[in-house]
Amino acid sequence: MKKYTALFVLAAGFLIAVSACRKYEDVPVETVTPDYIWDTKDSNGIYASEYLFTIYAALPEIANRITKDFLDAGSDDAVTSQTSAQPVTLLATNGITIFSNPDDTWADCYEGIRMATNFLNNFGVVPLKNATEKSSWFGEARALRAFFYWELVKRYGGVPVLGDSLKTLEDDIEIPRSSFATCISYIVSECNKAIDSLRDDPADDEDYGRFTKDGARALKARALLFAASPLYNGGNVGDSLNGYTDYNVSRWQLAANAAKEIISQGIYSLEPDFVDIFISQRSNEVIFTKNNTTGTTIESTNGPVGFSAAAGSGNTSPTQELVNAYGMANGLEIYDANSGYDSTDPYTNRDPRLGYTVLYNGAQWLSTAIETYIGGVSRPGGSTVQTQTGYYLRKFMGHFENTTAYESHYHDVIYFRYADVLLTYAEALNEYGGPSDDAFTAVEQVRERAGLSPYTLDRTLSQDSLRTIIRNERHKELAFEECRYWDIRRWKIAGEVYNSHPLHAMNITSTTSGLTYTAASVLTTAFDESKMYFYPIPYTEMVSNAQLKQNPGW
């Protein structure tokens with residue numbers, strides 16, 4: 001019998017996935033056969049649609065997905081509040097191995113790929129009476145498959161591309177990794193094919209959360225942005241598995257063009273209220289999302305401690321490094337002599353996104369002022385899990401500044417939103433040809449919605465200066481959306497970020513004369529640039545497939 005690898009899911013796994021669907025609850029697992037799913041008499045596509053929904057269900061979560069921690073707690077933006085060793089800390093301290101990686105998605109992604117391919121190979125026999133809808137379902141499966149490949153490529157570099165093949169244990173399943181270029185070309189090609197058949201934007205209420213044309217365009221733009229970035233664009237000399245061996249500035253143009261396709265459609269716009277992006281459905285800004293149910297999970301997991309009527313576990317502790325990234329409301333950085341920043345009153349007149357992202361001492365929450373000074377209600381000390389930095393996460397939570405309890409709201413997983421597209425467009429334009437009116441305008445739109453005044457930029461800025469601004473806008477705008485963690489890698493600055501200094505907390509002491517603010521080390525991070533830019537291929541896969549080549553250093 002051929003060796004088994006996570007590239008291929010056994011029939012039993014296939015049946016389990018299918019039997020998890022609502023329509024199959026009354027059908028014994030052992031009786032679920034392909035003929036039952038790909039029913040040649042099912043003109044409404046009931047069974048096939050349920051199978052398609054299982055693929056959507058396999059899309060990854062973002063919030064607290066790594067043992068109750070955000071992936072960003074493995075970057076410079078946060079640390080876990082747990083006092084015992086947590087898996088996410090391994091990502092920030094050179095702790096992962098070929099045997100242990102808390103963000104190892106290899107098997108899950110290939111299971112999603114196999115399900116999508118199975119759909120594409122078999123759905124054609126289903127006589128769906130709505131031809132337009134049938135075309136869209138094909139496009140959705142194709143876009144989903146590309147999404148899972150993208151999740152693999154940004155972690156591991158080039159991976160085996162299987163195309164439409166559905167291997168069995170009787171087949172030769174020892175397949176080598178494809179080059180990075182092949183993987184990117186495949187993802188882009190699949191997105192283009194999907195765009196041709198997907199439904200137009202915006203999706204109606206019934207189809208909200210399913211791939212649309214702009215959803216596939218956003219995925220293509222994301223892949224092309226990474227492919228143009230320093231880590232991949234000539235950043236790994238001689239290693240075609242993990243990037244292009246040559247630098248080609250035109251790759252930035254491809255990324256800009258892909259983002260411009262979305263902008264030119266004129267469908268999406270920036271949500272006026274930053275908080276509402278993440279707590280309501282049908283936001284004008286959200287391009288592709290995984291629908292979740294309503295609840296208060298984010299609040300109960302990450303909300304500050306000290307509220308008996310609205311208990312929070314405070315599991316995420318944003319760092320001083322993240323807080324420092326948010327400049328002043330006048331658009332200047334806190335270290336600018338003209339910014340008006342006051343270290344004895346550090347949270348006044350800051351970029352409004354600071355208050356939308358982080359709860360700091362004195363911030364209004366649940367009808368009271370948060371106390372995160374040492375010994376305060378929300379930083380009491382002792383064995384209770386609480387902030388390790390003097391800050392709590394606020395992003396993704398509802399408008400609870402003036403309530404006394406949490407109320408249910410949506411916790412959808414947003415993969416692509418319009419602000420990200422604008423910043424992608426600006427970055428790609430600037431890297432391709434230097435500062436331009438279009439690049440400035442894209443960044444200014446994001447700054448204007450944020451509430452900066454003035455939000456406009458000096459149009460005489462150099463390419464390097466605009467690059468710094470764009471990167472910082474991404475840092476502030478997209479915090480905790482699994483962007484910062486990957487951005488510092490694709491920009492190839494992770495060594496500088498992790499190795500230059502430890503991460504910091506803000507220790508605040510309260511005395512009769514007022515509050516004293518003192519930065520203190522909270523975690524010493526480390527990054528081995530010789531190997532950590534790409535995850536190791538899991539040991540189980542290496543021993544199961546002799547054709548796989550391990551990433552350098554592992």
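Check the entry above for the structure.
Described below are features of the structure shown in this document. (Residues numbered from 1 in each chain as written. Predicted model: local features only at pLDDT ≥ 70, side-chain atom pairs only at ≥ 80, totals over all residues. Heavy atoms only, no water.)

Here's the deal with the side chain of H504
Item 1. For H504, the position within the fold is in strand β11 (residues 503-511).
Item 2. There is a polar contact of 3.1 Å between the side chain of H504 and the backbone oxygen of P502.
Item 3. Setting aside chain neighbours within four positions, we find H504 in contact with T319, Q320, E321, T389, A519, A520, S521 and V522. (Helix = DSSP H or I, 4+ residues; strand = E, 2+ residues; numbered from the N terminus. Polar contact = N/O pair within 3.5 Å; in protein donor to acceptor, adjacent residues only side chain to side chain. Contact = heavy atoms within 4.5 Å.)

What to know about the packing of helix α6 (residues 131-156) against helix α8 (residues 213-228)
Item 1. For the pair α6 and α8, the least separation of the axes is 11 Å and the interaxial angle reads 25°. The angle between α6 and α8 places the two elements in the roughly parallel class. The interaxial crossing formed by α6 with α8 has left-handed handedness. Taken together, the residues of α8 that come into contact with α6 (itself represented by A143, A146, F147, W150 and K154) are L219, R222, A223 and F226.
Item 2. Partitioning the contact of α6 with α8 into residue classes produces seven nonpolar, no polar and two charged. (Axes fitted to C-alpha atoms, helices over the stretch in contact; angles between N-to-C directions. Parallel < 35°, antiparallel > 145°, perpendicular 65-115°, else oblique. Left-handed = near helix turned anticlockwise from the far one by under 90°. Nonpolar A, V, L, I, M, F, W, Y, C, P; charged D, E, K, R; others polar.)

Some details on helix α5 (residues 106-122)
Item 1. Its 17 residues give α5 an end-to-end C-alpha distance of 24 Å, which sits within 8% of 24 Å, the value for a rise of 1.5 Å per residue.
Item 2. Counting buried positions over the 17 residues of α5 gives 12, a clear majority of the element. (Expected span 1.5 Å × (residues − 1). Buried < 20%, exposed > 50% of the residue type's maximum accessible area, 1.4 Å probe, protein only.)

Some words on the packing of aromatic side chains
Item 1. Evaluated as defined, the whole model comprises 39 aromatic pairs.
Item 2. Between the aromatic rings of Y232 and F534, the centroid separation amounts to 5.9 Å while the plane-to-plane angle is 75°, which identifies the pairing as edge-to-face. On the criterion of sequence distance, the pair formed by Y232 in the loop between α8 and α9 (250-265) and F534 in the loop between β12 (514-523) and α19 (539-544) is long-range, its members being 302 residues apart. In this pair, the class of Y232 matches that of F534, namely buried. (Phe/Tyr/Trp six-rings, centres within 6.5 Å; stacked < 30°, edge-to-face > 60°.)

Points about a nonpolar patch on the surface
Item 1. Side chains of F99, Y539 and V543 sit close together on the surface and give an oily, nonpolar patch of about 320 Å² of accessible area.
Item 2. Looking at the secondary structure, you find F99 in the loop between α4 (87-90) and α5.
Item 3. Since its relative accessible area comes to 63%, F99 is described here as exposed. (Patch = residues over 30% accessible without salt bridge, like charges linked within 9 Å, V, L, I, M, F, W, Y side chains within 5 Å. Areas by Shrake-Rupley, 256 points an atom, 1.4 Å probe, with all protein chains shown as cover. Salt bridge = Lys/Arg side-chain N within 4 Å of Asp/Glu carboxyl O.)

Concerning the side chain of D77
Item 1. Note on placement: D77 falls in the loop between α3 (46-57) and β1 (78-80).
Item 2. A polar atom in the side chain of D77 sits 2.6 Å from the side chain of H475.
Item 3. Ignoring anything within four residues of it in the chain, the contact list for D77 reads D72, S317, P318, T319, L322, H475, A479, F480 and R484.

Digging into the state of the cysteines
Item 1. According to the stated counting rule, one finds zero disulfides in the structure shown.
Item 2. Not part of a disulfide, C183 finds its nearest cysteine sulfur in C109, a span of 12 Å.
Item 3. Free cysteine C191: the closest other cysteine sulfur is in C183, separated by 13 Å.
Item 4. Taking relative accessible area as the criterion, C191 reaches 0% and is therefore assigned buried. (Disulfide = S-S within 2.5 Å.)

Some points on the pattern of salt bridges
Item 1. Under the defined criterion, the tally for this structure stands at 43 salt bridges.
Item 2. Across the pair E140 and R210 runs a salt bridge, and its minimum N-O distance is 2.9 Å. Remark: R210 occurs in the loop between α7 (180-197) and α8 and E140 occurs in helix α6; sequence separation between them is 70 residues.
Item 3. Taking the relative accessible area as the measure of exposure, R210 reaches 11% and is therefore buried.
Item 4. Between E261 and K220 there is a salt bridge, and its shortest N-O distance comes to 3.1 Å. Of the two residues, E261 sits in helix α9 while K220 sits in helix α8, which places them 41 residues apart along the sequence.
Item 5. E261 gets classed as partly exposed once you look at its relative accessible area, which sits at 29%.
Item 6. On the basis of relative accessible area, K220 is assigned to the buried category, the value being 7%.
Item 7. Each of E285, D351, R353, K395, R417, R447, R449, E473, K476, E477 and E481 takes part in one network of salt bridges that share partners.

Overview of the nonpolar core
Item 1. Judged by nonpolar contacts, the single largest core of 148 residues is most densely connected at F119 and I184.
Item 2. In terms of residue count, α6 provides more of this core than any other element does, 12 residues in total. (Core = buried A, V, L, I, M, F, W, Y, C linked by side-chain atoms within 4.5 Å.)

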